[in-house]
Amino acid sequence: MTAPAAPPDGPGDAGRSTAGILHVDMDAFFVSVELLRHPELRGRPVVVGGSGARGVVAAASYEARAYGVHSAMPGARARRLCPHAVFLSGDHARYSEVSGRVMEVFRSFTPLVEPISLDEAFLDVRGARRLMGTPSEIAHRLRARILEQEGLTCSVGIARVKFLAKLASEEAKPKASPDGPVFGPGVVEVAEERELAFLHALPARALWGVGPATLERLERLGVRTVGDLAALPLDTLVGALGRASGTHLHELAHARDPRPVVPDQAAKSISHEETFARDRFRREELEVEVVRLADAVATRLRRSGAVGRTVTIKVRFGDFSTITRSSTVDGGVDSGHQLAQVARRLLADVDESAGVRLLGVGVSQIGDRSQRGGQQLSLDDLVAGDGGTADWSSAEEAVDAVRARFGDAAVGPASLASPAGLRVVRKGQQQWGPDDAPRTG
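Here the residue numbers are simple positions, counted from 1 along each chain's written sequence. Local features in a predicted model are, by the rule used here, given only for residues with pLDDT of at least 70; side-chain atom pairs are given and counted only at 80 or more, and totals for whole chains, interfaces and linings are based on all residues. Computation of side-chain values covers all heavy atoms of the structure but excludes hydrogens and water.

**Points about the overall build of the protein**
Then comes step 1: A count of helices and strands for the protein gives 16 helices and 14 strands.
Then comes step 2: For the protein, the residues scored as buried account for 47% of the 441 residues in total.
Then comes step 3: Throughout, a contact is declared for two residues whenever any of their heavy atoms are within 4.5 Å. Expressed as a percentage of contacts within the protein between residues at least 6 apart in sequence, the contacts between residues at least 24 apart total 70%.
Then comes step 4: Methods summary: accessible areas were calculated by the Shrake-Rupley approach with a probe of 1.4 Å, and residue burial reflects only the protein chains presented. For the protein, the computed accessible surface area is about 20,700 Å², with 53% contributed by carbon and sulfur atoms. By definition, any uninterrupted DSSP run of H or I lasting at least four residues is a helix, any uninterrupted run of E lasting at least two residues is a strand, and each is numbered from the N terminus. Between buried and exposed lies partly exposed: a residue is buried under 20% and exposed over 50% of the maximum accessible area for its type, with that area taken using a 1.4 Å probe on protein chains only.

The following block contains the structure:
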């Protein structure tokens, strides 16, 4: 990947538009952040992700993409496709830090910013025209500011509705080549009068909701492009795909997308899961992992001032079959101790003898902590004689205070202690699969 100063930033839009929705997508974000730390790797194929045998690709440089490497691909396959690539372990904490600064740049143009992931967001700039200029002018200024401040490039799509803005940003992005990115226009605007011409020329798989199974059904109807899909009667689509999917795609094919840009959406669920470098067969090991995962989930709940009512465990076996088990807690839970208790009870009904490849703990039905009513002591609390939720709440508040000052690994459940220190879950850890490090605990 070549130096980021190379992309053009001239007018890449065409026609006049009343559009005001921007989709901003950072270019090869994780790789680009790594290249700022390792400029000697510029121009070489670089792959970021899990370094172990079960790792997956988080991002690939444009040089690596030219060999067919892409995100979510198993790392082993990426090595076969591009054996001369440089493989780097992902650093989620660093990417989150840079992402936070990038999102602040977005918010300097409009408060209506809806992050989709660390490296992309929707912006509604319709209310910023008087101060900031046209959407196209805002897009070019935004790109210039991110390049100046962070040394990173991004691509921007502009349209009247969200999904068209996302499709436009794809048209604006660089293309892969063995010699590095071939930069595109950087900004593509879809004017209202050419929405259907732009949309209907795209392949049907470009629409949200068209995965392999849906695409196969559409192809049986003779659909190849979005235009082909738009020409089908609604009843035909509903008959082939079901009412929800058929209606959804019919609306998109006619450039109808009523969803607004919604900033600061509350999380609907919080979870952590871990893929093990080797399958786990011992329940004792799995119960320790439950404590780790529950501690991490509960910490995130407390930091956001929330509680979760439904506790879920996810178990994936060595043959990739996956099961989930759930239980609802009266009043909600934000305690790692209580969350681990519930998760262990759910795990007790699972036969681990086939080998567990992945284990996850999560909560849903999230609500505000201040709205939680009083909780009755559980039988477990009474048997343990530990004073119930109040004592654990005080203890975990003290843990939170210590971690806020000294870091997450400063204190934690005793069962997580190992010769290397506390085995707590850190933000972004296991995002792209396990390292092949010796197992502890």
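**Let's talk about the sheet that holds strand 8 (residues 187-189)**
Strands pair in a sheet through their backbones, by hydrogen bonds, and they do so in one of two ways: parallel or antiparallel.
Then comes step 1: The pairing criterion for strands is at least two bridges between them, as found by DSSP. The 5 strands lie next to each other as 5-6-1-7-8, forming an open sheet whose pairing is mixed. Two strands lie at the open edges of the sheet, namely strand 5 (113-117) and strand 8, each paired on one side alone. Along the sheet, successive strands turn relative to each other by an average axial angle of 15°, direction set aside.
Then comes step 2: The pairing of strand 1 (residues 21-26) with strand 7 (residues 154-159) spans 6 bridges and is antiparallel. Within strand 7, the position partnered with Asp25 by the bridge is Ser155.
Then comes step 3: Fitted lines through C-alpha atoms serve as axes, helices being fitted only where they are in contact, and the angles separating the N-to-C directions of these axes extend from 0 to 180 degrees. The strands touched by helix 7 (residues 162-172) are strand 1, strand 5, strand 6 (120-124), strand 7 and strand 8; relative to strand 7, the strand with the most contacts, the crossing angle is about 140°.

**Some remarks on the sheet that holds strand 10 (residues 306-317)**
Then comes step 1: If you trace the 4 strands from one edge of the open sheet to the other, you get 9-12-10-11, paired in antiparallel fashion. The sheet is open, and its two borders are formed by strand 9 (269-280) and strand 11 (322-333), each paired with just one other strand. Neighbour-to-neighbour, the strand axes of this sheet turn through a mean angle of 15°, independent of strand direction.
Then comes step 2: Here 8 bridges tie strand 10 to strand 11, and the two strands are oriented antiparallel to one another. Residue Val311 lies in a different strand from strand 11, and its bridge partner there is Ser327.
Then comes step 3: Set on the sheet, helix 13 (residues 283-303) makes contact with strand 9, strand 10, strand 11 and strand 12 (356-368); between it and strand 9 the angle comes to about 155°.
Then comes step 4: Sitting on the sheet, helix 14 (residues 336-347) is in contact with strand 10, strand 11 and strand 12, with an inclination near 35° to strand 10.

**Things to note about the environment of Thr110**
Then comes step 1: By secondary structure assignment, the location of Thr110 is in the loop between helix 4 (92-107) and strand 5.
Then comes step 2: Separated by 18 residues in the primary sequence, Thr110 and Ala128 place their C-alpha atoms 6.5 Å from one another.
Then comes step 3: Excluding its chain neighbours within four sequence positions, the residues that come into contact with Thr110 are Leu123, Asp124 and Val125.
Then comes step 4: The definition of a polar contact used here is a pair of N or O atoms within 3.5 Å, where within protein one atom must be able to donate a hydrogen and the other to accept one, and adjacent residues in sequence count solely through side-chain atom pairs. A distance of 2.9 Å separates a polar side-chain atom of Thr110 from the backbone oxygen of Asp124.

**Describing the pattern of salt bridges**
Then comes step 1: Only one rule defines a salt bridge in this text: a Lys or Arg side-chain nitrogen within 4 Å of an Asp or Glu carboxyl oxygen. Going through the model one piece at a time under the given rule, you end up with 21 salt bridges.
Then comes step 2: Across the salt bridge formed by Arg259 and Asp257, the nearest N and O atoms sit 2.8 Å from each other.
Then comes step 3: Given the relative accessible area of 9%, Asp257 is considered buried.

**Some remarks on the packing of aromatic side chains**
Then comes step 1: A pair of Phe, Tyr and Trp rings is counted when the ring centres sit within 6.5 Å of each other, with Trp represented by its six-membered ring. The angle between the planes then sorts it: under 30 degrees is stacked, over 60 is edge-to-face, the rest tilted. Following the criterion strictly, the structure yields 4 aromatic pairs and no others.
Then comes step 2: When the ring of Phe30 is compared with that of Tyr95, the centres are 4.5 Å apart and the planes differ by 20°; the resulting orientation is stacked. A residue pair is termed long-range when its members are at least 10 positions apart, and Phe30 in helix 1 (residues 29-37) and Tyr95 in helix 4 qualify at 65 residues. The burial state of Phe30 is the same as that of Tyr95; both residues are buried.
Then comes step 3: Considering the side-chain rings of Phe163 and Trp208, the 6.4 Å spacing of their centres and the 55° angle between planes classify their relative orientation as tilted. Linking Phe163 in helix 7 with Trp208 in the loop between helix 8 (195-200) and helix 9 (212-220), this pair joins segments that are 45 residues apart in sequence.

**Let's talk about the packing of helix 4 against helix 6 (residues 135-150)**
Then comes step 1: Packing of helix 4 against helix 6 leaves a shortest axis separation of 10 Å and a crossing angle of 145°. At the point where helix 4 passes helix 6, the crossing takes the right-handed sense. Where helix 4 abuts helix 6, its residues Val98, Arg101, Val102, Val105 and Phe106 lie against Leu142, Arg145, Ile146, Gln149 and Glu150.
Then comes step 2: Classification used: nonpolar for Ala, Val, Leu, Ile, Met, Phe, Trp, Tyr, Cys and Pro, charged for Asp, Glu, Lys and Arg, polar for all others including Gly. For the contact of helix 4 with helix 6, the class distribution of residues is 6 nonpolar, 1 polar and 3 charged. Put simply, a crossing is left-handed when the front helix is turned counterclockwise from the back one by less than a right angle, and right-handed when it is turned clockwise.

**A word on the nonpolar core**
Then comes step 1: Nonpolar core, defined: a set of buried Ala, Val, Leu, Ile, Met, Phe, Trp, Tyr and Cys residues in which side-chain atoms within 4.5 Å join the residues together. Counting residues in hydrophobic clusters, the biggest one holds 40 residues, and the most contacted among them are Leu22, Phe106, Leu123 and Ile146.
Then comes step 2: Per-element accounting of this core gives the leading share, 6 residues, to helix 4.
Then comes step 3: Those residues in contact with Phe106 that lie beyond four places of it in its chain are Val24, Val113, Ala121, Leu123, Leu142 and Ile146.
Then comes step 4: Membership of the second largest hydrophobic core comes to 32 residues, among which are Ala165, Val210, Val223 and Leu237.

**Some words on the side chain of Asp257**
Then comes step 1: On the secondary structure map, Asp257 appears in the loop between helix 12 (243-253) and strand 9.
Then comes step 2: Among the polar contacts listed, one links the side chain of Asp257 to the backbone nitrogen of Phe163, at a separation of 3.1 Å.
Then comes step 3: Among the polar contacts made by the side chain of Asp257, one reaches the side chain of Arg259 at a distance of 2.8 Å.
Then comes step 4: Not counting chain neighbours up to four residues away, the residues in contact with Asp257 comprise Val161, Lys162, Phe163, Trp208 and Leu252.

By themselves, these are just geometric observations and shouldn't be taken as functional.
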